[in-house]
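# A structural walkthrough
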Amino acid sequence: GEKVEQHESTLSVREGDSAVINCTYTDTASSYFPWYKQEAGKSLHFVIDIRSNVDRKQSQRLIVLLDKKAKRFSLHITATQPEDSAIYFCAASNRVGDNSKLIWGLGTSLVVNP
Amino acid sequence: AQTIHQWPVAEIKAVGSPLSLGCTIKGKSSPNLYWYWQATGGTLQQLFYSITVGQVESVVQLNLSASRPKDDQFILSTEKLLLSHSGFYLCAWGRISNERLFFGHGTKLSVL
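One structure accompanies this document, and this report is about it. (Residues numbered from 1 in each chain as written. Chains lettered and ligands numbered in written order. Predicted model: local features only at pLDDT ≥ 70, side-chain atom pairs only at ≥ 80, totals over all residues. Heavy atoms only, no water.)

### A word on the overall build of chain B
- Counting its regular elements, chain B contains 0 helices and 11 strands.
- With respect to the principal axes defined by its C-alpha atoms, chain B has extents near 40 × 25 × 20 Å.
- Considering only residue pairs separated by 6 or more positions, chain B has 54% of its internal contacts joining residues 24 or more positions apart.
- Carbon and sulfur atoms make up 54% of the accessible area of chain B, which amounts to about 5200 Å² in all. (Helix = DSSP H or I, 4+ residues; strand = E, 2+ residues; numbered from the N terminus. Contact = heavy atoms within 4.5 Å. Areas by Shrake-Rupley, 256 points an atom, 1.4 Å probe, with all protein chains shown as cover.)

### Here's the deal with the overall build of chain A
- Counting secondary structure elements, chain A contains 0 helices and 11 strands.
- Each helix (α) and strand (β) of chain A, taken in turn from the N terminus, gives the series β-β-β-β-β-β-β-β-β-β-β.
- Whereas a compact globule of 114 residues would reach a radius of gyration of roughly 13 Å, chain A reaches 13 Å, a difference of no more than 12%.
- Along the first, second and third principal axes, the C-alpha atoms of chain A reach 40 × 25 × 20 Å.
- Each of the 114 residues in chain A was classed as buried or not, and the buried ones make up 46%.
- For chain A, contacts bridging at least 24 residues in sequence account for 52% of all contacts bridging at least 6.
- Accessible surface, chain A: about 5500 Å² in total, of which carbon and sulfur atoms supply 47%. (Rg over C-alpha atoms; globule rule 2.2 N^0.38 Å. Buried < 20%, exposed > 50% of the residue type's maximum accessible area, 1.4 Å probe, protein only.)

### What to know about the nonpolar core
- Ranked by internal contacts, the top residues of the largest apolar core, which has 24 residues, are Trp35(A), Phe73(A), Leu75(A) and Leu110(A).
- Those elements that provide at least two residues to this core are β2 (10-14), β3 (19-25), β4 (32-38), β5 (44-51), β7 (62-67), β8 (72-77), β9 (86-92) and β11 (108-113) of chain A.
- If we ignore the near neighbours within four places in the chain, the residues touching Leu110(A) are Leu11(A), Val13(A), Ala19(A), Ile77(A), Asp84(A), Ser85(A), Ala86(A) and Tyr88(A).
- Formed by 20 residues, the second largest nonpolar core is a distinct cluster that contains Leu19(B), Leu21(B), Leu33(B) and Phe74(B). (Core = buried A, V, L, I, M, F, W, Y, C linked by side-chain atoms within 4.5 Å.)

### Looking at the interface of chain B and chain A
- With 21 residues of chain B at the contact, the number on the chain A side is 20 residues.
- For the pair chain B and chain A, the two sides together bury roughly 1700 Å², of which 50% comes from carbon and sulfur.
- Taken as a group, Leu44(B), Glu99(B) and Arg100(B) account for 39% of the area that chain B buries against chain A, more than any other trio of residues on that side.
- Counting across the chain B and chain A interface gives 1 salt bridge.
- In this structure, Glu99(B) and Arg51(A) form a salt bridge, with 2.5 Å as the shortest nitrogen-oxygen distance. (Buried area = accessible area lost by both parts, 1.4 Å probe. Salt bridge = Lys/Arg side-chain N within 4 Å of Asp/Glu carboxyl O.)

### Observations regarding the packing of aromatic side chains
Residue and element names in this part refer to chain A.
- Scanning all chains against the criterion turns up 15 aromatic pairs over all chains.
- Residues tyrosine 25 and phenylalanine 73 carry aromatic rings whose centres are separated by 6.0 Å and whose planes lie at 50° to one another, so their mutual orientation is tilted. Linking tyrosine 25 in strand β3 with phenylalanine 73 in strand β8, this pair joins segments that are 48 residues apart in sequence.
- Assessed through its relative accessible area of 0%, phenylalanine 73 is described here as buried. (Phe/Tyr/Trp six-rings, centres within 6.5 Å; stacked < 30°, edge-to-face > 60°.)

### Let's talk about the side chain of Thr24(B)
- Relative to the helices and strands, Thr24(B) resides in strand β3 (residues 19-26).
- Discounting chain neighbours no more than four positions away, the residues touching Thr24(B) are Thr3(B), Ile4(B), His5(B), Trp7(B), Asp72(B) and Gln73(B).

Remember that the coordinates give geometry; whether it matters functionally is a separate question.
Next up, the structure:
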């Protein structure tokens, strides 16, 4: 079946540095790529997404890059803060407007050290 | 504003005992509803989804079942718990024609 791989299971950075989390996908028809954040002991919430018609999207300190040729997308968190510490999940979907077909990565645990 | 409520917040249950977890969404009619299971260590697995009352699709069963008795309610249950059922259960909803999911606070289940 189709897969999404998250390459870093854990990532540790110093406060103020940038963090990059990389994901690759296998389904060439994938067109929607969201990222979700899960703080310790809490639920998931949406942070940012990108669609296949663009290759870059930014929301404040979060940047998502999409390389369709390499079937790779990445989350860049700039000027990291301790509150960025969490598990980040990437996902992919080949269905526009359909939230039932997300394929999830295994998560990356990001630790931002003060 | 839409709100999603899961109950209970946490459960400690014995192997072989029954289980019922609930989820209610307020402020949104006809949402898509989901049950996700998260093993210790973080892996997310979609278990069931429902697009309307009375209709539930199974993705991975894990000896669990789900029902949608009302438009705003989604129930996850089993008659006999296994040790492997331990984990974090997340209910989520999504709008039709939109990919984004909104998660509940989750239920932590420990099966002993």
